[in-house]
Amino acid sequence: MDWNRVEGNWKQFKGAAKEKWGKLTDDDLNVIEGRREQLEGKLQQRYGFAKDQIHKDVDDWFKSLK
């Protein structure tokens, strides 16, 4: 699976993202629309983690979706 599948089926993956990162609001998830860069930016904003840590967290989450 590649990230394009997440973008194309974002409505299906929003619940999994909200479950993993509870600080993301519904509005955040609607703005993200499955775009990885947007997701990482919102996670940095909400959690204050370093960019490298967020990138790794998103990679781990993505792998868990397979």
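Residues numbered from 1 in each chain as written. Predicted model: local features only at pLDDT ≥ 70, side-chain atom pairs only at ≥ 80, totals over all residues. Heavy atoms only, no water.

Caption draft 1: Looking closely at the environment of leucine 29. Within the secondary structure, leucine 29 is located in helix H3 (residues 26–32). Residue classification places leucine 29 among the buried residues on the basis of a relative accessible area of 2%. Those residues in contact with leucine 29 that sit more than four places away from it in its chain are Trp10, Lys14, Ala17, Lys18 and Leu24. (Helix = DSSP H or I, 4+ residues; strand = E, 2+ residues; numbered from the N terminus. Buried < 20%, exposed > 50% of the residue type's maximum accessible area, 1.4 Å probe, protein only. Contact = heavy atoms within 4.5 Å.)

Caption draft 2: View of helix H5 (residues 51–64). Taking 1.5 Å as the rise per residue, H5 with 14 residues should run 20 Å; its terminal C-alpha atoms sit 20 Å apart, in good agreement. Those residues of H5 that fall on the buried side of the exposure criterion are Ile54, Asp57, Val58, Trp61 and Phe62. End-on, the buried residues of H5 take up no more than an arc of 135°, which puts them together on one face. Turned more than 90 degrees away from the buried face of H5 sit Asp52 and Lys63, all of them exposed. (Expected span 1.5 Å × (residues − 1). Arc of directions from axis to C-beta.)

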